[in-house]
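Overview (structure and organization)
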Amino acid sequence: RIAAAERPNCIAVRSATEQLSYAELDTRAEALRDRLDSAGVAQGALVGIFLDRSISAITSFLAVLKAGGAFVLLDPSSPPQSILDIVQRHELPCVVSNAATLRRVPQLATTVPLVIDVDAMPLTGGAGGHVQAARISGSDPACVMFTSGSTGEPKGVVIPHRAIVRLVKNPGYMRFSDDQIFLQASSLMFDASIFEIWGALLNGAELVIPGAGLLGLDTIAAAVEEHDVTTLFLTSGLFNLMIDQHPAPLRKLRYLVSGGNVMSPTHVAKAARLLESGQFISVYGPTENTTFTTCFTAPADLPNDAPVPIGLPVAGTVLRILDDQMRPVPEGSAGQLYVGGNGLALGYLNAPELTQQKFIEDPQDPAQQLYRTSDLVRRDETGLLHFLGRMDNQIKVNGVRVEPEHVEIVLRRHLPLSDIAVVACRLPNGAKHLVAFVVPLPGTSLSEVTFREAAANHLPPHMTPARIETIDEFPLTKTGKIDRLALSRLAANVRAQKSSNATYATPIEATLADLWCRQLRLETVDVNQNFFDLGGTSLQLLGVHDELERLFPGQLSIRDLFDLPTIRLLQARLSGAQTADVTASAAARAALQRRARQGRVPLPTFGATSAKGD
C-alpha cells in the first residue's frame, strides 16, 4: 500500500492486453479482499491460487494477503488428481481461479467449499481505507510453495512475510528501486517468481507479464526489448540458451540473474562481458530459505574455465558449514551447508515430523533454527562459498528439484511392479533426464502406454520419466543397495544403442533430422523416435523452436513441438499432409503429449524449483 499511496498513477503491472497503475491494482485487490472477507477468510487462512501467470494472479495474491491469509500455489500443469489431493489433504476452504483454468479440474467446484472466479469479480468496489496488513506480523505465513518430497507427496514450504521482505528490501546483492522494470518470466510455481513479483511491487517498480504458460526464447527476447526490461531472472539452462542464441537484447539489462543448477563458467564469463553497464549475478538457495541464500556478482574479467562460486550470503542470512557431528569444519574444508536467518521458512505444511527432521536447532545459537540443505560446500580463502554436490539421492533436472523416491512411491501405487528405481541420465550436452527402470510383477508385463497413463494421471510433468526400461533385476552395491550409478550408466548405454541409422523421405524430414542431431548431439535420428526418448529436454526443444522459427516462420508453436514430438509428425504438419500419424488414436496421442511434457519445469517459465545447486 505504500507504493499505491506514493506512486498511485505509475504502472504497477503490465501484460499484452492491459496495464494497471498501483492505484488500480490496489482497488482490484481490495474488491477481491472484500469478497474473501465476506466468505470468512481471515487471519491465518489458507487460500488456494489456481491460476497461470497473469495480472489476475497478482491481484489474487494481494487480496489474500490483505485479508490476512496465505496463498497456496496450485500448479495448473499438474494432473487433476494431484490438485485435488493437495486441496483435500490440507483442507483448503477456498480456491481463487478463473473459468479457463477451472476447466482443467472441474471437480474443484464440488471439492472446495468456496471457488471464486477472479475474472468474474467486479473491478471496483473495494472498501479501501482500512489496512488489513496491520494485523500481520513478519512471522505470519504469506504463501505456500510445493516441492518434490521423498514420501511420495509434495512438500508445502510455508514462507513467512519477513522472508519475502528480506529477499527484495536492501538485500545487499543488488539495488532495488522504483525505476526498475522486472520481467515475470518464471512460472508462479517456481520460487524465482517471488523475486520477480515482490522485487517489483514492494519497491514501486513495474512488473511485465509476457504471457501465460510456455515462453519461447524469442518471446523473452522480444519482451526484454519492447518493455526496456532492466531486471531479468533466467534458470541456468535457459540462461545458457539465451546467451548462445539471443544475446543482443540482454546487453542493456541492469541486472541479469541466474541460478537453478551449477553455472557454466563459459556462459557466465560471456554474460559478464556482454552487459554494457549492468551486472550478472549467480544465485543459489533452496525454497526453504526463500529463493536466494547466496549470490555472486561476476566480474567482467571472470575466467572462462574457473568454477563459478555460489558466493556470499544475502543480507539477513545465517550460514553454517558443519561436519557429521554438527561441528564447524576447518576453514577451506568441505561440509554440509545449514542456512537460516530472516529468509527461513516456517516449515512444511501439515508435516511436523518432516519439519523437525529438516529444520533443526542452531548448535551455535539455540534460539534460532537452521535448514539442513544436504548440499556439500566449502569456503575459499576469499570467503566465497563453492557448491561441491549433493549428499543424498535428490537430483536436479533442468534446475528443478526431484526426489527419486517421490516418483517411485507414486508409480508403485498405480502399476503392477515388483520394484522400480528412477535415476537421472546425463546427456551429451550435460543436461539430464529421468529414466525409470522397472521390474514387473511375475506373470505380468508393463506396456509403455500403461506406464505413460499412470505417470500422466499421478505425476506433474517435471517428475515424469522420459524413458522406461524393463530390467530383470537391479544391480546392487556391496552393501546390498540398488546401485543407482550403475543404472545411470546403463541408461546412457541404452540411449546410445537406440540411436539408429536412418533415411529421410522428404527434404523437410532431412532438415528436421539435421536440426535434431545438432541439438541432441547425435549422428542420426529415426523419424518415428520421440524427441524426449532420444534424451531431449525442454531446453533443447526451445533451441529447436528457435531454429524452426527462422526456417518456417510462424508455422510451429512451442506447444506444437510438445504435441508432435517426432520428425514424422512435424513433417506432416509442415507439409500439410493428413497422414495416419497425425490422426493417431486419442490414447496414443495422449501418451506422446504426456511424454513430451516431461521436461517442462526446470525453466523459470515452466515450473517450480528449489535448491539452486546440482
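Each chain has its residues counted from 1, following the order in which its sequence is written. The predicted origin of the model limits local features to residues at a pLDDT of at least 70 and limits the giving and counting of side-chain atom pairs to 80 or more, whereas totals for whole chains, interfaces and linings rest on all residues. By convention in this description, side-chain values take in all heavy atoms of the structure and omit both hydrogens and water.

1. Topic: the overall build of the chain
Per the convention used, a helix needs a DSSP run of H or I reaching at least four residues, while a strand needs a run of E reaching at least two, with both numbered from the N terminus. Secondary structure assignment for the chain yields 20 helices and 26 strands. Buried residues are those whose accessible area, probed at 1.4 Å on protein chains only, stays under 20% of the maximum for their type, while exposed residues exceed 50% and partly exposed ones sit between those limits. By residue count, 60% of the 614 residues in the chain fall in the buried class. Taking all contacts inside the chain whose residues are at least 6 apart in sequence as the whole, residues at least 24 apart take part in 67%. Note on areas: Shrake-Rupley with a 1.4 Å probe; residue coverage comes only from the protein chains shown. For the chain, the exposed area adds up to about 23300 Å²; of that, 51% sits on carbon and sulfur atoms. Should any heavy atoms of two residues lie within 4.5 Å, those residues are counted as being in contact.

2. Side note on the pairing of strand β20 (residues 365–379)
Across five bridges, the pairing between strand β17 (residues 335–341) and β20 is antiparallel. For Tyr338, the partnering residue across the bridge sits in β20 and is Arg372. Of the strand pairs in this sheet, strand β19 (residues 359–362) and β20 are connected by four bridges, and their pairing is antiparallel. When the bridges of β20 are listed, Ile360 appears paired with Leu370. The hairpin formed by β19 and β20 contains two residues between the paired strands. In this structure, β20 lies alongside strand β21 (residues 385–390), joined through five bridges in antiparallel fashion. Looking at the pairing, Val377 lines up with Phe387 of β21. Turn length for the β20-β21 hairpin, with the two strands adjacent in sequence and antiparallel, is five residues, and the turn residue Gly383 shows positive phi of about 95°. Note on pairing: DSSP must find at least two bridges between two strands before they are called paired.

3. Focus: the packing of aromatic side chains
In this description, a pair of aromatic rings is defined by centroid distance and the angle of the planes. Here the aromatic set is Phe, Tyr and Trp, taking the six-membered ring for Trp, and pairing holds for ring centres within 6.5 Å; pairs whose planes are under 30 degrees apart are stacked, those over 60 apart are edge-to-face, and all others are tilted. Scanning the model with the defined rule gives 14 aromatic pairs in all. Ring geometry for Phe176 and Phe195: centres 6.1 Å apart, planes at 70°, overall edge-to-face. Of this pair, Phe176 sits in the loop between α7 (161–168) and β9 (181–183) while Phe195 sits in helix α8 (residues 192–201), placing them 19 residues apart in sequence. In this pair, the class of Phe176 matches that of Phe195, namely buried. Centre to centre, the rings of Phe359 and Tyr371 are 5.3 Å apart; their planes meet at 45°, and the pair counts as tilted. In this pair, Phe359 sits in strand β19 while Tyr371 sits in strand β20, placing the two residues twelve residues apart along the sequence. Here the two residues Phe359 and Tyr371 agree in accessibility, since each one is buried. Through a chain of ring-to-ring contacts, three or more aromatic side chains come together here, namely Tyr173, Phe176, Phe182, Phe190, Phe195, Phe233 and Phe292.

4. A few points about the sheet that holds strand β18 (residues 347–348)
By definition, the strands of a sheet pair up through backbone hydrogen bonds, in either a parallel or an antiparallel sense. Reading across from one edge, β6-β5-β3-β4-β7-β8-β18 is the order of the seven strands in this open sheet, with mixed pairing throughout. Here the strands that pair on one side only, and so sit at the sheet edges, are β6 (114–117) and β18. Of the pairings in the sheet, the one linking strand β7 (residues 141–147) to strand β8 (residues 155–160) comprises six bridges and is antiparallel in character. Note that in β8 the partner of Val144 across the bridge is Val158. To get an axis, fit a line to the C-alpha atoms, keeping to the stretch in contact for a helix; angles then go from 0 to 180 degrees between the N-to-C directions. The strands that helix α2 (residues 22–38) touches are β5 (94–97) and β6; relative to β6, the one it contacts most, it runs at about 165°.

5. Description of the packing of helix α10 (residues 236–245) against helix α11 (residues 265–274)
If you want to describe how two helices pack, look at the angle between their axes and the distance between the axes. As a packed pair, α10 and α11 sit with axes 10 Å apart at the nearest point and diverge in direction by 55°. Classified by the interaxial angle, the pair formed by α10 and α11 is oblique. The interaxial crossing formed by α10 with α11 has left-handed handedness. Between α10 and α11, the residues in contact are Phe239, Asn240, Ile243 and Asp244 and His267, Val268, Lys270, Ala271 and Leu274, respectively. In this scheme, roughly parallel covers angles under 35 degrees and roughly antiparallel covers those over 145, while 65 to 115 is roughly perpendicular and the rest are oblique. Rotating anticlockwise by less than a right angle from the far helix to the near helix defines a left-handed crossing, while the corresponding clockwise rotation defines a right-handed one.

6. Re the nonpolar core
In globular proteins that are soluble, nonpolar side chains generally tend to be buried together. Among buried residues, those of type Ala, Val, Leu, Ile, Met, Phe, Trp, Tyr and Cys that are joined through side-chain atoms within 4.5 Å constitute a nonpolar core. Counting 82 residues, the largest nonpolar core has Leu36, Phe61, Tyr173, Phe195, Trp198 and Phe292 as its most contacted members. Broken down by element, this core gets its largest block of residues, eight residues, from helix α3 (residues 55–66). In contact with Leu36, other than residues within four places in its own chain, are Val41, Ala63, Val64, Ala67, Cys94, Val96 and Ile116. Of all hydrophobic cores here, the second largest spans 60 residues; its members include Leu183, Leu217, Phe552 and Phe562.

7. Some thoughts on the pattern of salt bridges
Salt-bridge detection follows one rule: a side-chain nitrogen of Lys or Arg within 4 Å of a carboxyl oxygen of Asp or Glu. Applying the stated criterion across every chain, the model contains 21 salt bridges. Put simply, Asp178 and Arg7 hold a salt bridge, and the shortest N to O gap is 3.3 Å. Highlighted residues: Asp178 in the loop between α7 and β9 and Arg7 in the loop between α1 (2–6) and β1 (11–14), separated in sequence by 171 residues. Take Asp178: its relative accessible area is 38%, and that puts it in the partly exposed class. The partly exposed category is assigned to Arg7, whose relative accessible area is 23%. Here Arg28 ties to Glu18 by a salt bridge, and the two come within 3.0 Å at their closest N and O atoms. With Arg28 in helix α2 and Glu18 in the loop between β1 and β2 (19–21), this residue pair connects regions lying ten residues apart in the sequence. Several salt bridges converge on common partners, so that one network encompasses Asp26, Glu30, Arg33, Asp34, Asp37 and Lys66.

8. A closer look at the confidence of the model for the chain
Taken residue by residue, the chain gives an average pLDDT of 83. The fraction at 70 or more is 86%. A low-confidence stretch, residues 577–614 (pLDDT under 50), is modelled with 148 contacts involving residues beyond four sequence positions or located in other chains. How sure the predictor is of each residue is captured by pLDDT, a score from 0 to 100.

9. Some words on the pairing of β7
Among the seven residues that make up β7, six are buried, leaving the element largely enclosed by the rest of the structure. Taken together, the two bridges between strand β4 (residues 70–73) and β7 define a ladder with parallel strand orientation. The residue bridging Phe71 from the neighbouring strand is Cys143, located in β7.

10. Quick notes on the environment of Glu361
By secondary structure assignment, the location of Glu361 is in strand β19. For Glu361, the contacting residues outside a window of four places in its chain are Pro366 and Gln368.

11. Considering empty space enclosed by the protein
Points on a 1 Å grid over protein atoms alone make up a cavity when a 1.4 Å probe fits among them but cannot get out, and a pocket when they form an open set with protein on both sides within 12 Å along at least five of seven lines; lining residues each have an atom within 4 Å of a point. Grid points are joined across faces, edges and corners, and a volume is the space filled by probe spheres set on the points. Scanning the entire structure with this criterion turns up three cavities of 30 Å³ or more. What lines the largest cavity is Phe61, Phe71, Leu73, Cys143, Met145, Leu188, Ser193, Ile194, Ile197 and Trp198. When contributions to the lining of the largest cavity are tallied by element, the ones reaching two or more residues are β4, β7 and α8. Per-element tally for the lining of the largest cavity: the top contributor is α8, with four residues. Along the lines of polarity and charge, the residues of the lining of the largest cavity split into nine nonpolar, one polar and no charged. For this scheme, ten residues count as nonpolar: Ala, Val, Leu, Ile, Met, Phe, Trp, Tyr, Cys and Pro. Four count as charged, namely Asp, Glu, Lys and Arg, and the remainder, Gly too, count as polar.

12. Considerations on unusual backbone geometry
Most peptide bonds take the trans configuration, and most residues that are not glycine carry a negative phi. Positive phi outside glycine occurs at Glu91, with the angle close to 50°. For Asn350, which is not a glycine, the phi torsion comes out positive at approximately 55°. The residue Asn350 is located in the loop between β18 and α12 (352–358) in this model.

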